[in-house]
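# Summary of structural features
Residues per chain are reported as follows:
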Amino acid sequence: MKHTIKHNPSYALLDVELSPGESIQAEAGVMVYMSDDIHINSILGGGFLAAVLRKILGGESMFFNVFTAKEKPVNVGFAPDLAGDIFKLNVSDTPVVIQKGSYLCSETAVSLKTRFGGLKSFFSSEGVFLLEAGGSGSLYLSSYGGIVEVNVDGEYILDTGHMVAFEKTLDFTVSKTGGWKSTIFSGEGLTMRFKGHGKLWIQTRVPRGFISWLMRFLPS
Amino acid sequence: MKHELIGKPDFPVVKITLNDGECIVAEAGAMVSMTSNIAIETSARGGVMGSLKRMVFSGESFFQNKFTANGGSGEIIFAPETMGDLHFRELKNEALILSRGAYVCGSPDLKIESKWGGFKSLFGGEGLMFQKIEGTGSLFFSSFGAIEEIVINGEYVIDNGHIVGFEPSLDFSIEKVGGLKSLFLSGEGFVCRFKGHGKAYIQTRNHSSFAVWADGWRKVESRQ
Amino acid sequence: MKIDIKYKPGFAMACVTLDADDKIRAEAGTMVAKSANVNMKTEKASRGGVLKSLKAAFFGGESFWMNIFSTNGTKGEVKLAPTLPGDIILEELDNSTIFVQSTGFLGAEDSIDIDTKFQGLKGFFSGESLFFLKLSGKGKVLLSSYGGIEKRNVSGSFIVDTGHIVAFDESLNYKIEKFGSWKSFLIGGEGLVARFSGHGNVWIQSRNVPQLGQWLRATLPPKKK
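Residues numbered from 1 in each chain as written. Chains lettered and ligands numbered in written order. Predicted model: local features only at pLDDT ≥ 70, side-chain atom pairs only at ≥ 80, totals over all residues.

The secondary structure content of chain A amounts to three helices and 17 strands. Per-residue burial over chain A gives 49% buried out of 220 residues. When contacts within chain A are restricted to residue pairs at least 6 apart in sequence, long-range pairs at least 24 apart make up 78% of them. (Helix = DSSP H or I, 4+ residues; strand = E, 2+ residues; numbered from the N terminus. Buried ≥ 20, exposed ≤ 12 C-beta atoms within 10 Å, placed from the backbone. Contact = placed C-beta atoms within 7 Å.)

What follows concerns the overall build of chain B. Secondary structure summary: chain B contains four helices and 16 strands in total. Residue pairs in contact within chain B that sit at least 24 positions apart in sequence constitute 76% of those at least 6 positions apart.

On to the sheet that holds strand β8 (residues 86-91) of chain A, then. The strands making up a sheet associate through backbone hydrogen bonding, with each pair oriented either parallel or antiparallel. All names here are of chain A. The sheet built from six strands is open, its strands ordered β5-β6-β3-β10-β13-β8 with antiparallel pairing. Of all strands in the sheet, those with a lone pairing partner are β5 (38-44) and β8, marking the two edges. Going from strand to strand, the sheet's axes swing by 20° on average, the running direction of each strand aside. In terms of strand pairing, β8 meets strand β13 (residues 137-142) through six bridges, oriented antiparallel. Across the sheet, Phe87 pairs through a bridge with Leu141, a residue of β13. (Pairing = 2+ DSSP bridges. Axes fitted to C-alpha atoms, helices over the stretch in contact; angles between N-to-C directions.)

Often, the extent of an interface is quoted as the loss of accessible area on bringing the components together. Counting residues at the interface gives 23 residues for chain A and 28 residues for chain C. Of all the elements in the fold, those that place two or more residues in the side of chain A that touches chain C are β4 (31-35), β5 and β6 (63-69) of chain A. Among the elements that make up the side of chain A that touches chain C, the one with the highest residue count is β4 of chain A (five residues). Of the residues assigned to the side of chain A that touches chain C, the class counts are 13 nonpolar, seven polar and three charged. Relative to strand β12 (residues 149-161) of chain C, β4 of chain A runs antiparallel, the two being bridged by three bridges. Bridge pairing links Met34 of chain A to Ile159 of chain C in β12 of chain C. (Nonpolar A, V, L, I, M, F, W, Y, C, P; charged D, E, K, R; others polar.)

To continue, consider the pairing of strand β4 (residues 31-35) of chain C. Regular strands show a simple pattern: their side chains alternate between the two faces of the sheet. Judged by how many residues are buried, β4 of chain C sits mostly within the fold: four of five residues are covered. Sheet analysis places strand β12 (residues 147-159) of chain B next to β4 of chain C, joined by three bridges and oriented antiparallel. The residue bridging Ile158 of chain B from the neighbouring strand is Ala33 of chain C, located in β4 of chain C. Across three bridges, the pairing between β4 of chain C and strand β7 (residues 76-80) of chain C is antiparallel.

Right, let's get into the interface of chain B and chain C. Listed by partner, the interface residues are 35 residues for chain B and 29 residues for chain C. The set of elements that each furnish at least two residues to the side of chain B that touches chain C consists of β12, α3 (180-185), α4 (207-215) and β16 (220-221) of chain B. A total of five residues in the side of chain B that touches chain C trace back to one element, the largest contributor, which is β12 of chain B. Bridge count for β16 of chain B against strand β16 (residues 223-224) of chain C is two bridges, and the pairing is parallel. When the bridges of β16 of chain C are listed, Glu221 of chain B appears paired with Lys224 of chain C.

We now examine the confidence of the model for chain B. Any segment with low pLDDT has predicted coordinates that should not be analysed in fine detail. In the predicted model, chain B carries a mean pLDDT of 84, and 79% of its residues have values of at least 70. In the predicted complex, the global pTM is 0.85; the interface-specific ipTM is 0.81. (pLDDT = per-residue confidence, 0-100.)

The complete set of buried residues in helix α3 (residues 207-215) of chain A reads Gly209, Phe210, Trp213 and Leu214 of chain A. Angular distribution of buried residues about the axis of α3 of chain A spans 135°; they occupy a single face of the element. Considering only its buried residues, α3 of chain A is in contact with α4 of chain B. (Arc of directions from axis to C-beta.)

Further remarks concern the environment of Gly134 of chain A. All names here are of chain A. The residue Gly134 is located in strand β12 (residues 129-135) in this model. For Gly134 and Ser92, which are 42 residues apart along the polypeptide, the C-alpha to C-alpha distance reads 7.2 Å. When residues no more than four places from it in sequence are discounted, the contact partners of Gly134 are Val91, Pro95, Ser111 and Lys113.

So, about unusual backbone geometry. Looking along the chain, the bond that leaves Lys8 of chain B and enters Pro9 of chain B is cis, with omega of 5°. Along the chain, the position of Pro9 of chain B falls in the loop between β1 (2-6) and β2 (13-18). Cis geometry marks the peptide bond from Lys8 of chain C to Pro9 of chain C; its omega dihedral reads -10°. Residue position: Pro9 of chain C is located in the loop between β1 (2-6) and β2 (13-18).

Here the focus is the nonpolar core. Counting residues in each nonpolar core, the largest one holds 169 residues, and the members touching the most others are Phe78 and Leu104 of chain A, Phe78 and Ile158 of chain B together with Val100, Leu143 and Val160 of chain C. In contact with Val160 of chain C, not counting residues within four places along its chain, are Tyr33 of chain A together with Ile165, Val193, Ala194, Phe196, Val202 and Ile204 of chain C. (Core = buried A, V, L, I, M, F, W, Y, C linked by C-beta atoms within 7 Å.)

For Gly86 of chain C, the location among the structural elements is in the loop between β7 and β8 (88-101). For Gly86 of chain C, a count of 31 C-beta atoms within 10 Å translates into the label buried. When the C-alpha positions of Gly86 of chain C and Asn72 of chain C are compared, they lie 32 Å apart, and in sequence the two are 14 residues distant. Not counting residues within four places of it along the chain, the set of residues in contact with Gly86 of chain C comprises Tyr11 of chain A together with Ala12, Ser144, Ser145, Tyr146, Gly147 and Gln205 of chain C.

This paragraph deals with the environment of Leu98 of chain B. Residue and element names in this part refer to chain B. Turning to its location among the elements, Leu98 is positioned in strand β8 (residues 86-98). C-beta crowding within 10 Å serves as the criterion here: with 24 such atoms nearby, Leu98 is assigned to the buried category. The spacing of Leu98 and Ile163 is 65 residues in sequence and 8.4 Å in space, taken between C-alpha atoms. Sequence-distant contacts of Leu98, defined by excluding residues within four places in its chain, comprise Tyr103, Phe130, Gln131, Ile133, Phe141, Val164 and Gly165.

What follows is the structure, given as C-alpha cells:
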C-alpha cells in the first residue's frame, strides 16, 4: 500500500494506492474519488453494540466502508469534512487513543475499540467518546487546523477541544482551569491534565471556536 | 519572553516561553495547552466599563486571562478562533488600529482601547469600532485567511471586510466602489480609501461574505 | 495581463496586474483591494441579453451580475479572492470549453464567453446544486476550490464524489450514479457520485462544499423568521 498526503496542511487529502488483494477501512462519507474497478463493502464499526454506542455518544456514523483492490491496482482519495491536516501513525506495541471525529481510515490489521471516556469527560463537550486503536498497521488521523506533536514527560495541560490523540502510556484527568472564577469566565472551559510519558497530538483550532467567531458576524 | 510561530500560514499557533515571574495576556478561549506551572488569572481588564465597551463594540471577550509562570520557566500555546494566519508585531511606543476580534494575545503593558470609527464607518456596516493597541511590547493578531502587508504611499482602496489593521498615520474614508448600479449589484458594498503613508494589513478572505454564505445554510425557525 | 496567485493553497488570492487595454470579469463580491487607478463597472453575467443572465443566475447559482475591472490607461492592480477558504488555479483556454461548478468560478479575461449549462434532472437526486457554467474561448480563467485543487487526467473511467467536482473538460462524459452496491449507497454515507468517462481533465477540490454547509446548518443556531 502506497500513500501520498497532498494539499496539506490546511486542506489535506490522502491518496491511497492499493495493490490487488489489499484493503483499507475508512470512516463513512470521507471518499473523494476512486478508480472505477474498486470493491466496496460497508461494515458495522467494531461490532453492533459498539457501533450503536458510537452513533449515540460520538455522533459518528455506525458504518465503515472497506475499499479493496481486485485484479488491478487502484487509487482512492480520502478527506475529512472540515479544514485541516491528515497524518499517519504506525500502530504497533502502544495503542493510541483517538478523539471522536479524528479517525479517517486505517489498514484492516488495525483494530478499533470504542472506549467510553468515563463520567469525568461528560462535563466537557468533547472526549466523551474515544476510540482505541490497537493491533498493527497504518492509521490515518485528521485534525481541525494543523497538528502539533507534544512529548509529554511529567504533567501537561490541554484544552479539551484541541485533543486529537495520545499514546496509551499517558493517563489523563479532566479538571477546571485556574480558580472557579477562571472556570466560569475564562472561556477556557475544562482542561485535560495528562500525566506520564508519551506522545500527545493536538490540533491548532477547535470547530466550536470557529462557530463562535462566525456568530459575531452573522447578519442579524 | 520568547515566542515561536508554528504552522504558518494557514492554521498557526504561537508557542510562548515565559521566564519565571513573566506573564502574558490573552483573549478568553485562546489557550491551547501549557505546562503545569503556569497560573491563570481572569479579570475584566480596564475595569467593567472598559471591558463592556471592548466586548460590545470590538467583539472581544469581556474577560481576559493573564498567564504567569511560577517557579521556573513555563511554556504556553495560544491559537486564534478563526481559520487563518497569526501575525506578530513588536510595538515600540507606537499604536496600531485593529479590526473587530483581531487581537489574540500580547504583553501586559499594551493598552487596548476601543475606538469609535466615526459615523463614516456606520455606513460600512463593519468594524464600527476598532481597537487601538498602544504602547511597547509584543502583539499577536489574527486574520481570516492569509495576511498581506501593504505599504501605502498615496492612495489605495481596500474592501471593508478585508481590513485587519492599519497604522494610525493613514487617513481613511468610506466610500462606494463603481457607479450607483455597482452599489446595489456588485456585491462589494463599501470600501475604504486609505490616504497617506503607512502600513495596512489585509486578510485574503472576507468574514462578512463568509458569514452571509453561512447564514444561507442556517435552519429557519418560525416564531411562535 | 499578469496574474500572480499568492497564499496557496489554504487561502489563495489572485493578484491581477492590468495593462492599458486589459479587462477582467470577476464574480460579484470577490474584490479584496485595488489600486486607486482601477475602475470597476457592474454588468450582467452573460453577454447576450437579460434572459441569458437570468438563466445563469437561476441555474448557475451565480450572481446575476459580474464586475469588470479595467484601468484608466496606466498599469493597475486588482486583488481577487473567493468567499470560501481554499485554492485558486489559473487555466488558459485555447479555443476550448470547460464546465465549472457554480462555486468554482472566480474570474475570467474579458475574451472568455460565459454561459450556463443546465445540468438536467439527474443532478436533482444528489441534493446538491450541480449546475455548471460553460466557459469557452481563448484567454485566462481563474477557478477557485474549497480546499486544495487537483487536476486529474482521466483516460477511461473515474469516479468523483459530486461535492468535490470543480470543473471538467467538455470532452468528458459524466453520469451520476450511486456509490457502490445498494447497501453501500444506503449506509456508506457517500451518497451519489459522478462517473466520468472518455479523455480529458477533471478538477477536484479536497473539501466538499455541501458538507461544510450541512455542518454549519447543524451547528449554528436557527434563524427566527
